[in-house]
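Inside the fold
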Amino acid sequence: MILSDVECECGTIYRCAESETLSGEPGRLACANCGRIVEQWDAAHRRVYRCVLTPDRSYPVVAPPPAP
Ligand SMILES: [Zn+2]
């Protein structure tokens, strides 16, 4: 099993689990948040994706306070 993270342009992050033994079919991952195609593959191995973070649940980027 190979684990990797892929991030959509909108900031949604997916965890990909790719099997090293099960055969799969070509396919693509459409972002559940914005609908963009995040990844396409014509690979031989089975893959599953799981959404791990959506932008509305991520922490906002906080600007550091000014130096004293
Ligand atoms: Zn997206």
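These numbers come from a predicted model, not from an experiment.

Some remarks on the coordination of the zinc ion
- Distances from the zinc ion to its protein donors, C8 (SG), C10 (SG), C31 (SG) and C34 (SG), fall within 2.2 to 2.3 Å.
- Taken together, the four donor atoms coordinating the zinc ion span angles of 102 to 113° at the metal, a pattern that classifies the geometry as tetrahedral.

Let's talk about the sheet that holds strand β5 (residues 45-53)
- Pairing is antiparallel in the open sheet, where three strands are placed in the order β1-β2-β5. For this open sheet the edge positions go to β1 (2-7) and β5, each flanked by a neighbour on one side alone. The sheet shows a mean angle of 25° between the axes of neighbouring strands, direction not considered.
- As judged from the seven bridges shared by strand β2 (residues 13-23) and β5, these two strands associate in the antiparallel manner.

Structural notes on the side chain of T12
- With respect to the helices, strands and loops of the structure, T12 is situated in the loop between β1 and β2.
- Here T12 falls in the buried class, since its relative accessible area comes to 1%.
- Each residue touching T12, except ones within four places of it in the same chain, is listed here: V6, E7, C31, N33, C51, L53, T54 and P55.

Scoring rules and cut-offs
Residues numbered from 1 in each chain as written. Predicted model: local features only at pLDDT ≥ 70, side-chain atom pairs only at ≥ 80, totals over all residues. Heavy atoms only, no water. Donors = N, O, S within 2.8 Å, 3.2 Å for Na, K, Ca; no water. Tetrahedral: all angles 85-135°; square planar, octahedral: opposite > 155°, others 65-115°. Pairing = 2+ DSSP bridges. Helix = DSSP H or I, 4+ residues; strand = E, 2+ residues; numbered from the N terminus. Axes fitted to C-alpha atoms, helices over the stretch in contact; angles between N-to-C directions. Buried < 20%, exposed > 50% of the residue type's maximum accessible area, 1.4 Å probe, protein only. Contact = heavy atoms within 4.5 Å.

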